[in-house]
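Topology and contacts: notes
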Amino acid sequence: MVKKYFSILVCVLFGTLCCLFSSCSDNDEVGGDDNNGSFVINGERYKVIDAGVSAGVWTEDAFVGRMFEARLFGSDGFFEYIMEYVYSNNGNYSFRLIEGDITDYIHVDTCSHQNSVNFTDYTYISGKVFSTLNKNTVTLDFQDYTFKSRRGTKYVVNGSVQYEIDDY
């Protein structure tokens, strides 16, 4: 009988010690660290938890630019956006990425907060988007990039996101 209670007491003691000596950190949250970037959208801070870019498609029937996508996480939940990039020079279009101010070549295609996807037209208002190319990464830096939906919802974006890419 004593042996039974002693075994239970030892198990409880070890269980308590394990909980006491385990550490917790902020990096256990969704997205871990800020390696891919962070944003402030309408005053709310978001961490980039996933980012991807497509190469673009150009056929006789379709022309779709590079699509920059990012999934963000903040205290009020998830936010996702997709931006389309098409470079234009003297009436010639391409998907070639350039460094510097790309505001004239990129626009918001889709944005959503939580589970409400808004497939609507977005109108650029003001601000800038700059790109930096470095080996296999592209960094987009948003500086007071402001746009609104057809319904009138306005978004002001500041921050940066880093994308891994195979080609410019």
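Our subject is the structure listed above.
Below is a summary of the structure that appears in this document. (Residues numbered from 1 in each chain as written. Predicted model: local features only at pLDDT ≥ 70, side-chain atom pairs only at ≥ 80, totals over all residues. Heavy atoms only, no water.)

1. So, the overall build of the chain
Selection rule: Secondary structure elements follow DSSP: runs of H or I of four or more residues count as helices, runs of E of two or more count as strands, with numbering from the N terminus. In this scheme, a residue with accessible area under 20% of its type's maximum is buried, one over 50% is exposed, and one in between is partly exposed, where area comes from a 1.4 Å probe on protein chains only. Contact criterion: two residues are considered in contact whenever any of their non-hydrogen atoms come within 4.5 Å of each other. Throughout, the Shrake-Rupley method with a 1.4 Å probe supplies accessible areas, and for residues the shown protein chains are the sole cover considered.
Summing up its helical and strand segments, the chain has one helix and 14 strands in all. A burial count over the chain gives 31% of its 168 residues as buried. Taking the contacts inside the chain whose residues are at least 6 apart along the sequence as the reference set, 51% of them involve residues at least 24 apart. Element-wise, carbon and sulfur atoms account for 52% of the exposed surface of the chain, whose accessible area totals about 10800 Å².

2. Considering a nonpolar patch on the surface
Condition: Residues enter patches when they are more than 30% accessible in relative terms and free of salt bridges; like-charged ones are connected within 9 Å and nonpolar ones (Val, Leu, Ile, Met, Phe, Trp, Tyr) within 5 Å. Should a side-chain nitrogen of Lys or Arg be within 4 Å of a carboxyl oxygen of Asp or Glu, the pair is scored as a salt bridge.
Taken together, W58, F63 and Y93 make up a surface patch of nonpolar side chains, about 350 Å² in accessible area. Within the secondary structure, F63 sits in strand β4 (residues 63–64). On the accessibility criterion, F63 (34% relative accessible area) is partly exposed.

3. Side note on the environment of M83
Considering the arrangement of structural elements, one finds M83 in strand β6 (residues 77–85). Note on M83: relative accessible area 2%, which makes it buried. Between the C-alpha atoms of M83 and R66, which are 17 residues apart in sequence, the distance is 8.1 Å. Those residues in contact with M83 that sit more than four places away from it in its chain are R66, M67, F68, I106, H107, V108, D109, F142 and Y145.

4. Remarks on the packing of aromatic side chains
Here is the rule we go by: Each pair of aromatic rings taken from Phe, Tyr and Trp, with Trp reduced to its six-membered ring, is defined by centres within 6.5 Å and is described as stacked if the planes are under 30 degrees apart, edge-to-face if over 60, and tilted in the remaining cases. We call a charge positioned over a ring when the NZ of a Lys or the CZ of an Arg lies within 6 Å of the ring centre and within 35 degrees of the ring normal.
Going through the model one piece at a time under the given rule, you end up with 15 aromatic pairs. Ring geometry for F39 and Y81: centres 5.9 Å apart, planes at 80°, overall edge-to-face. One end of the pair, F39, is in strand β1 (residues 37–41); the other, Y81, is in strand β6, with 42 residues separating them in the sequence. Just as F39 is buried, Y81 falls in that class too. Among the aromatic side chains, those forming a connected cluster through ring pairs are F39, Y46, F79, Y81, Y122, Y124, F142, Y145, F147 and Y155. Sitting over the ring of Y87, R96 keeps its end group 4.8 Å from the ring centre.

5. Quick word on empty space enclosed by the protein
With a probe scaled to a water molecule rolled over the atoms, the places where space remains empty come into view. We count it as follows: With a 1 Å grid spanning the protein atoms alone, the term cavity applies to any set of points in which a 1.4 Å probe fits but cannot get out, the term pocket to an open set with protein on both sides within 12 Å along at least five of seven lines, and the term lining residue to any residue with an atom within 4 Å of a point. Grid points are joined across faces, edges and corners, and a volume is the space filled by probe spheres set on the points. Amino acid classes used here: Ala, Val, Leu, Ile, Met, Phe, Trp, Tyr, Cys and Pro are nonpolar; Asp, Glu, Lys and Arg are charged; the rest, including Gly, are polar.
Applying the stated criterion across every chain, the model contains one cavity of 30 Å³ or more. Lining the largest cavity we find F39, I41, L72, F79, Y81, M83, V108, F142, Y145, F147, Y155 and V157. Of all the elements in the fold, those that place two or more residues in the lining of the largest cavity are β1, β6, β13 (137–149) and β14 (154–164). Broken down by class, the residue content of the lining of the largest cavity amounts to 12 nonpolar, no polar and no charged.

6. Some points on the nonpolar core
Within soluble globular proteins, side chains that are nonpolar tend to cluster in buried spots. Inclusion rule: To define a nonpolar core, start from buried Ala, Val, Leu, Ile, Met, Phe, Trp, Tyr and Cys residues and group those joined through side-chain atoms within 4.5 Å.
Judged by nonpolar contacts, the single largest core of 31 residues is most densely connected at F39, L72, Y81, L140, F142 and V161. Among the secondary structure elements, those contributing two or more residues to this core are β1, β2 (44–53), β5 (66–74), β6, β10 (106–113), β12 (122–134), β13 and β14. Among the elements that line this core, the one with the most residues is β13, at five residues. Aside from chain neighbours lying at most four places away, what touches L140 is F68, I102, I106, V129, F130, S131, G159, S160, V161 and Y163.

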